[in-house]
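One letter stands for each residue in the lines below.
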Amino acid sequence: MGSAVKQWRCLRHLTALTVAVVTESGFGIVQLFDYRNHDASAVDGITGGMHGIRLDNLVSGVNAFEALVGARLHCITDGSAGEDGGPNPPPGRRRRRDRRRHCCVVLASQALALLDSFIFPDALDASRAASRLHGLALVRGAEPRLGPSQGTLLASLVRLSLVLLAYLEPCSVRFLQACSRLRCFLHWVLEILRESVALGGGYSKAFHDLTAPLDRIVLAIVLQCHRALTRCSAVLVEMESSPWNKYFTDVESRRRGQRRLFRAILELREIVTAVWRGRNEVLRASLAPNAFEALGRGLEEVTSTNANPKSSDPPSKEASLRSFLENDWVSGFHDVEVEGDLVIPEQIANVQIHEGQASSMIGRQAIEKLALESAAIVRDYSSLLNAPFAAYCESQRRWAETDAVRDREYEGDVSVKLLSTKHGTDASDQRKSMSARLVLAAQREAQISQQVENPWVQGRHWAFTSQTDLLYRRIILRPNDDFNDHAEASYELTLGKERETAQREEEERVKREMAEAVLRAAIVPYSEADDEDVDDEDVDKSDHEGFLGWDADGVDGSLDLSKGNPDDDAQATKESDEKENKEGNESLGEASNEEAEAEWDQIDSADFDEKSELDPFAWARRFMWSEGEQFVQNFDSVVIVSLRTTRSGALLLTSHSLYFHQTGDTMDVMTKEKLATNGKSGPPRQDKKWKLNRLTDVHGRRHMLKAQGLELFFANMEGVFLTFNGSKERDLFHSKLRSNCQAPLLRSFKSLNPRVVFKKSRLSELWQKRKISNFQYIMALNLMAGRTFNDLTQYPVFPWVLADYTSETLDLSDPTIYRDLSKPVGALNSDRLAQLLERYDDLDGFPEEEKFIYGSHYSSPGVVLHYLIRQEPYTSMHIALQSGRFDCPDRLFFDVSGCWRSCNTSTSDVKELIPEFFSCPEIFMNTNDFPLGQTQEKISTDNVKLPPWAHGSPHEFIRIHRLALESEYVSNNLHHWIDLIFGYKQRGPAALEAHNVFHYLSYEGSVDIDKVTDEVEKNAIEGHIQNFGQTPSQLIAKEAHPSRSLDEGEAKPLFKDICLEELRCNTPNKQFGGPGKSIIGAIVSIYSFGDTIFLFHRDFALCSYKLSRARGAVPFYFKHDKVRLLEGEQASLSNSLNGRETIPMDIANGDTHDSHDIDEESPGSVSFAISFGLNSSSGSGNSSSDLSHVIFSCGYFDTCLKTHIFDSPGVQSSQNGGHRGQINCIEVSDEGEIMVTGGDDGTCRIWVVDHDELSAAITDGFVKSSMGKERIEDSRCFVSHVLFGHLTPVCCVAMCAKLDVVVSASRDGSICVHNIRSGKFIRSLHIDARTKEMRESCAGNGIAVRKLAIHTDGFFVAHFGDGSLYVISINGRRLCNAQIGEQLNAMIICPKSGALITGGGKGLARIWKLHDLSLQCTLDVKKHGAVTSLALTRPGSQFLCIGSKNGVLTIGSSNPS
């Protein structure tokens, strides 16, 4: 029993709480009168009910909570109707109101359902007195915790019932239950009123005070029944006028809904009738007269019908209900009058005029009091909710007045001050970080702006770059933004200036002597006349002040020639400073240009204090550190050696990066002086950062003959030469670098010993087997022996290979044209050697180890500058070496033949060559128009005079010279020269026997400079080491270098010796494609890997074949391998443009299809490329199934690049790499690591394929921040650089990873050259459509370019739209051109034979000589249609694969006979 009482109290409190929540949400009794709060649509937007909310599926205790969450009741702070007031509230407010309404209906329904078992117990007999007592219990007041404003519990139940009556679906079970429950509540209200009459003794004031709230409840019940009847009438009309399947699942559901609707109408009519009978006087007073009369008429019809049940034709119950719905009271009185927040229904008495009489205001007053009751409910509810918080605040106030709290307040103040200070520090740090990022962003923006604007800068000058290509060649010239024409350094001009200076000094000396003689003669005793004369002279002097000449009388007016005009002195000083500044800036030119890109992430902000005592590495914090980057080691005394300067400072090694902080002055390498700038205190000190994830190689180096240096090579081929304070410090750095740092690309050996590195490299074996060229091998030996481009004293050395510089032609197979490689240059002339040996014998007074045959060296700074004088920065270095002017023209390098002659005759000239003699033609051309002057014989020294066999072309000289280096004679004798320079003949008895002994200070270990105490002697030793050459480190000490193997086993390229009779074409029978075969469509691309050939057909078929000379087949072995159909053919532009049919998936079954004519040059043609992986260059693969070749294609509707795998030809990934528009062309490097695409947006994109470490190393910061934040899942390639320079869509690209160059062309004819790994723009050019001349610019009236092909030696071939071919050097020189008379579809270069193979619409494969574009032979395959693709097999280039328009593959090979 006690438990039941507790539950009863809990439910009563829950009911009161629900009434408060519903009323606060804007659905009190008065708000329900506002018909604008009702949904006007036929279907409820939340539950789908007809003209109301459907709660048929409600589960007690669950959906109420869900409704609370769904309605977001916690966000409702002002639930008044005024928040969403107005007839047309905004959609957002309407949705919030609907959610609140649904929530309130659910809460009211759940609360009433829980109370049903207590209010209507099943075991309670209504006829017993206990039933009455149970009902009277509802008259008790609400729970005190919610205040008295709600009245009795019965009033609360009626309020909740009216909410259900207003918003539930009229034809639902819940609505019928609500009507029945409300009818019961009404009967209890009327019973209470009847008992109140008996207790109150009539209608007294006490009776009125007791019954007035209940009468207002009764009035509200009648008004809501009127509204509910109106909704029922609308639902009935909707049900009867609509098909059954519009709102119901079946006919039976509709029938049941209609029956429930009529039962609900009946319940509502009975409620109104009960009120009419029980409280008629209340309705008469509260309703308007016309409304009261209409209600009376409607109820009289019902009463009269029920009073005569035995009439002749009594209406049915349904007809009676329909008749009731049609009476004036139900069908009318729907309007409301809104006065502020008060809503008054139309039928309420509000001084209306009816039949000439005005009604009372009792109804209006009742509505006002109902509104006041709702406001009181909300007020009490809010007050009671806030009461605990108010009590808590009061307790806190009392507690705050205690002494303990005051102590805590003091402690709190101290803490606040500390926190405030910390916040200020944090805010300052945040501002510093933000400032740093802003500065970083500004620097990066400047870098990007320069990168974008560079292509449009014309009239450039050029200089050597400090970076090399992947073969360590320096072929490409970079733009020289700090160009100086060195006009003032002309030898003739400086000689004239010297003569003028000497003459001026002589004249001034004579003037001083004459002035002194005049003064001595003018000394006389004092007199007035003399004073007057002196005054006159002073006056005359004042008229000529500052004039350093003689006056009219021939006497010096100033009498002091050492004092001139102060303004003139200041001007002279200013001009001198400007000259020094200019020279200092020029000496920094290369460093500033090359380091700009590396320094973009450095922060130059005043917020960072360089002299911070708390953090000794604050200077390194100016850079952006990587996440998780940790300190490893610091080195206080490190020098960075570059080509032109040295900079000393501190080096900080971290787990991710290398930082350099300059602490000393920047010194000029040539003058050994501090560089001057505008501040007269040296150039600005530059801090540097290198990311170790870009580090690829580390080599030990010597500096001043001491093994204390390292050279670091990075992925962009930048080399950094560091010298440490001793070999131990260098070894510590190297050890820490390898063990504690993240350098994923580092591939060099752990040892720094040159001999160990040479032995482990096994390069000699590769060279012996002819896997690498002579040039590559010599360059590798130089690098391992400590030679570097960063130190002029240790520049790489190459041999003279030719001895004939006078013949008109050269026969490279003739041994007599070559130099004797077994002898050093000084021993080539026997007569000169005899003189040198005689001098050697005369050095008896010297220790044996200090005796030498040659006083000069074959490689020294003077030698390098002698050869490279015509290109910066070596021009400026030569001028600095010659004290500010060019050397005498007769001593310059201006004749190759004369230079060779000097090396063979002069006892002081034994110099060898440098790598540029085999790679860079620009060293022979004065492209910058420097004033080099004329010899005494009036021979111009602008350009170098070349041998006759070069035909005046530096490029032809380089080509023949390189062929001579790779000739059979040099290959068979090069090991002798290696013994002299790097091997056992470099030092010791073998060197003396070979006459290969140089000054002892050129050899490593000959002297320890640190132990020399005499400063003069020490300076002399250092000067000799720096200026007179250093011998490379000895790589082989005890044995001779092995010779190269014979050329017999090496497979010769197909076009090595081009002869038409030796070439033949074969069309294998067993092919997948061709007329009548399963594969249709032209062969658009051909790729070769090992003995496998891959063919891409235009219908997206990928076919593979086996091709080799093995198995004794004549002329070759050929077998079809596999065929795949790549996905994406339906999405390609070529498919839609060419009207192609879909290729069925059963192509391997031999089904045939009609072939359509294909326009190979259609604008939407698809492009294919294939990457064979990182080791594809070896070409050792034997089966395509053993490899996971990555296939790329472009030319789709979605403008994306598709990635496929050979073994799984489905699309693996799809991305556009940031291209805005169609991707038109695609090219993959031979190594398979790098890919380039060109698009309609006029840009090219450099991609890294399947190499995350390389991608992270070379990816540009702009790309990372804009498009590289999140990588596409399963993608095999990622964008690293965006290349700018074109104004129109890019139509073709060509790249050479070894040369580190990509060449692109656009539709307006412009051709742009960029670096691959750095993404830097180099140059742009075009062929003028009118004059046919090559011009340097990236936009203009150029001839459209159709095809590009690039050679590793630094030139490319361009095929233009007018049918012409041009061979152009990377540095922008036209080498040759020819008109071929057809449009080419394919063009490739055979680098090993120097041949160009082309194929076009005439069905001919033509072979041209690259150096002059002379046609050598033609292969006729026109029976198969136009030639659409070409490829040479790898390695060896033994077969030429020719793809035709009809899908047939033709193999070109040498004739076995």
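Refer to the structure printed above.
Residues numbered from 1 in each chain as written. Predicted model: local features only at pLDDT ≥ 70, side-chain atom pairs only at ≥ 80, totals over all residues. Heavy atoms only, no water.

### A word on the overall build of the chain
Move 1: In terms of helices and strands, the chain carries 33 helices and 42 strands.
Move 2: Buried positions account for 52% of the 1457 residues belonging to the chain.
Move 3: When contacts within the chain are restricted to residue pairs at least 6 apart in sequence, long-range pairs at least 24 apart make up 63% of them.
Move 4: For the chain, the accessible area works out to roughly 65,700 Å², and carbon and sulfur atoms hold 50% of it. (Helix = DSSP H or I, 4+ residues; strand = E, 2+ residues; numbered from the N terminus. Buried < 20%, exposed > 50% of the residue type's maximum accessible area, 1.4 Å probe, protein only. Contact = heavy atoms within 4.5 Å. Areas by Shrake-Rupley, 256 points an atom, 1.4 Å probe, with all protein chains shown as cover.)

### Details of the pattern of salt bridges
Move 1: A complete count under the given rule lists 46 salt bridges for this structure.
Move 2: Between Glu 916 and Arg 474 there is a salt bridge whose closest N-O contact spans 3.3 Å. Of this pair, Glu 916 sits in the loop between α26 (896-905) and α27 (954-965) while Arg 474 is found in the loop between β5 (462-464) and β6 (477-479), placing the two residues 442 residues apart along the sequence.
Move 3: Judged by relative accessible area, which is 3%, Arg 474 ranks as buried.
Move 4: Ionic contacts of the salt-bridge type, sharing partners, join the residues Asp 469, Arg 473, Arg 962, Glu 966 and Asp 1353 into one network. (Salt bridge = Lys/Arg side-chain N within 4 Å of Asp/Glu carboxyl O.)

### Comments concerning the sheet that holds strand β15 (residues 1083-1089)
Move 1: In spatial order, the strands read β15-β16-β17-β18; together these 4 strands make up an open sheet with antiparallel pairing. The open sheet is flanked by β15 and β18 (1117-1125), the only strands paired with a single partner. With strand direction ignored, the average angle separating the axes of adjacent strands in the sheet is 20°.
Move 2: Alignment of strand β17 (residues 1101-1108) against β18, held across 8 bridges, turns out to be antiparallel. For Ser 1104, the partnering residue across the bridge sits in β18 and is Lys 1122. (Pairing = 2+ DSSP bridges. Axes fitted to C-alpha atoms, helices over the stretch in contact; angles between N-to-C directions.)

### Let's talk about the nonpolar core
Move 1: Counting 100 residues, the largest nonpolar core has Leu 162, Leu 165, Phe 175, Ile 221, Leu 268, Trp 329 and Ile 367 as its most contacted members.
Move 2: Examining the composition of this core, we find that 15 residues originate from one element, helix α7 (residues 205-241), more than from any other.
Move 3: Not counting residues within four places of it along the chain, the set of residues in contact with Leu 268 comprises Leu 165, Phe 175, Cys 179, Cys 225, Ala 228, Leu 229 and Cys 232.
Move 4: In terms of nonpolar packing, the next biggest core, distinct from the first, is built from 86 residues, Phe 798, Ile 817, Tyr 867 and Val 944 among them. (Core = buried A, V, L, I, M, F, W, Y, C linked by side-chain atoms within 4.5 Å.)

### A word on the packing of aromatic side chains
Move 1: Evaluated as defined, the whole model comprises 40 aromatic pairs.
Move 2: Ring centres of Phe 464 and Tyr 874 lie 5.8 Å apart, and the angle between their planes is 75°; on these two criteria the pair is classed as edge-to-face. Linking Phe 464 in strand β5 with Tyr 874 in helix α25 (residues 874-881), this pair joins segments that are 410 residues apart in sequence. Taken as a pair, Phe 464 and Tyr 874 share a single burial class, namely buried.
Move 3: The rings of Trp 800, Tyr 805, Tyr 867, Phe 893, Trp 900, Phe 917, Phe 924, Trp 949 and Phe 957 are connected pair by pair, giving a single aromatic cluster.
Move 4: Lying across the ring of Trp 625, Arg 621 places its NZ or CZ 4.1 Å from the centre.
Move 5: The side chain of Lys 1202 reaches across the aromatic face of Tyr 1196, ending 5.3 Å from its centre. (Phe/Tyr/Trp six-rings, centres within 6.5 Å; stacked < 30°, edge-to-face > 60°. Lys NZ or Arg CZ within 6 Å of the ring centre and 35° of its normal.)

### Points about the state of the cysteines
Between two cysteines, a covalent bond joining their sulfur atoms is known as a disulfide.
Move 1: With the rule as written, the count across this model stands at 0 disulfides.
Move 2: Free cysteine: Cys 232, not disulfide-bonded; nearest cysteine sulfur from Cys 179 at 6.6 Å. (Disulfide = S-S within 2.5 Å.)

### Quick look at the side chain of Gln 1071
Move 1: Within the element layout of this structure, Gln 1071 appears in the loop between β14 (1063-1066) and β15.
Move 2: Using a relative accessible area of 8% as the deciding quantity, one classes Gln 1071 as buried.
Move 3: Side-chain polar atoms of Gln 1071 contact the backbone oxygen of Pro 1068, separated by 2.8 Å.
Move 4: A polar side-chain atom of Gln 1071 sits 2.8 Å from the main-chain amide nitrogen of Leu 1449.
Move 5: Not counting residues within four places of it along the chain, the set of residues in contact with Gln 1071 comprises Lys 1077, Tyr 1105, Phe 1118, Gly 1447, Val 1448 and Leu 1449. (Polar contact = N/O pair within 3.5 Å; in protein donor to acceptor, adjacent residues only side chain to side chain.)

This is a description of form; function is not addressed.
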